[in-house]
Amino acid sequence: MAKYEYIARLLENRIRHGDYLLKEVPSERELALEAQVSHMTARKAILHLVDKGLLVRRPNRRLAVRRDRGNARKQVQIALLSSPYPNPYLELWHLWLNEMARERECFVRVIGYCHWDDAVILDTIEGFDGTFLLPLSDQIPLSLIRRIKQAGRPVVILGQDTSEHGIPSLRITSPSMVQKLLDHLGGLGHRHVDCLNTQPPDQVIRARIDQWQLWLAAHGGTGTLFDEPVRVYHSPIRGACETVRRLLDAGELKPNAALFCVTTSAALGALRAIYEKGLKAGKDISVCSAEDGADVAPYLTPALTCLRDRDPKPYLGVCVDWILRGGENWVGPLAVQPADAMVFEGETSGRR
């Protein structure tokens, strides 16, 4: 293979993976230095991609990926924007999106951002054909909401309902579905149900806690809220383990009670602390989670009772197809979510 062909393939692979949607295509000189070839070899590789319709020269002579390739079929580039803060759903969203992308012959790339003012957020939204945004633990600022709308690009928010702002959102479960999980505990005879949260608060966390309080009031139940969120970028699992150890030592978390965990991370930490204290989840203390997190509940020992997600692919497909239409002709309500969820009855919950 000629050197210029190797370099052309390298650039074509980067273009296919969306590398140059967030940064400029290197100049001939920069490419020659990177690949350690002559300036003429680098130029030949670039001219090859210009002839193929993959690259174009701007008026300032800088190279750019050609977005409109005439009659050639363009591969749609979709971004999954996520913060580096641990999120059990990131892996699942990436898996689900990749499956959708393979079926529709488009490409998905994960892009990281660190805070709401991170320039990479808008650079990604403006550079990619469509973006799925997995929010930080706190609420999306209204200033960013306005800038997303002004960008005029297809954006779908994952996990938070932004439909009131005119931005589509996708949730696999809604906070109100927590009632079904709590009804399951009630059916096992539990009337005292405590609530544990160690996740930094956001719209979803607060709504799940509100649903727990509503269930207690509606069923004449009792329970204590143990709301001890860790700092951002700290482990909610470790925080939950330390919290439950302390509560058990102090007698504040009593045997024969039930513990409703707002997240799977909180449930995992609680299960470890219960085990360390010589107690058995499901027999001494019933434990459940408002989510399945990374789809691990049935594979834990003991298996975790939780609210399980419906198949997300039909709902995710609605959003991906909208992106493929260039953000035109949205179908149905802007808040996309299944009508119901399932309760997975694991070994961590038992009759009182």
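Residues numbered from 1 in each chain as written. Predicted model: local features only at pLDDT ≥ 70, side-chain atom pairs only at ≥ 80, totals over all residues. Heavy atoms only, no water.

1. A few points about the sheet that holds strand β13 (residues 335-336)
Next up, step 1: Pairing within the open sheet is parallel, and its six strands lie in the order β4-β3-β5-β6-β7-β13. Edge positions in the sheet fall to β4 (107-112) and β13, since each of these pairs with one other strand and no more. (Pairing = 2+ DSSP bridges. Helix = DSSP H or I, 4+ residues; strand = E, 2+ residues; numbered from the N terminus.)

2. Here's the deal with the pairing of strand β3 (residues 77-82)
Next up, step 1: The element β3 is extensively covered by neighbouring structure, given that six of its six residues are classed as buried.
Next up, step 2: Of the two faces of β3, the one carrying Gln77, Ala79 and Leu81 and the one carrying Ile78, Leu80 and Ser82 are both buried.
Next up, step 3: Two strands pair when backbone bridges link them, and β3 and β4 are joined in this way by six bridges, in the parallel orientation. Across the sheet, residue Ala79 finds its bridge partner in β4, namely Arg109. (Buried < 20%, exposed > 50% of the residue type's maximum accessible area, 1.4 Å probe, protein only.)

3. Here we look at the sheet that holds strand β14 (residues 342-344)
Backbone-to-backbone hydrogen bonds pair the strands of a sheet. The strands run either parallel or antiparallel.
Next up, step 1: Sheet architecture is open: six strands sit in the order β9-β8-β10-β11-β12-β14, paired in mixed fashion. The open sheet has two free edges, formed respectively by β9 (225-227) and β14, since each of these has just one partner strand. Geometrically, the sheet is characterised by an average inter-axis angle of 20° between neighbouring strands, direction not taken into account.
Next up, step 2: Taken strand by strand, helix α10 (residues 264-276) contacts β8 (193-197), β10 (258-261) and β11 (286-289), and its axis lies near 160° from that of β11. (Axes fitted to C-alpha atoms, helices over the stretch in contact; angles between N-to-C directions. Contact = heavy atoms within 4.5 Å.)

4. Some words on helix α1 (residues 3-16)
Next up, step 1: A rise of 1.5 Å per residue sets the reference length of α1, with its 14 residues, at 20 Å; its end C-alpha atoms lie 20 Å apart and thus fit the reference within 8%.
Next up, step 2: Every buried residue of α1 is accounted for by Tyr4, Ile7, Ala8, Leu11, Arg14 and Ile15. All buried residues of α1 lie within an arc of 125° about the axis, which places them on one face of the element. Opposite the packed face of α1, turned more than 90 degrees from it, sit the exposed residues Tyr6 and Arg9.
Next up, step 3: Where α1 is buried, its residues contact α2 (28-35), α3 (39-51), β1 (55-57), β2 (63-65) and β3.
Next up, step 4: After α1 finishes, the residue Gly18 shows a positive phi value of roughly 75°. (Expected span 1.5 Å × (residues − 1). Arc of directions from axis to C-beta.)

In short, geometric facts, not functional conclusions.
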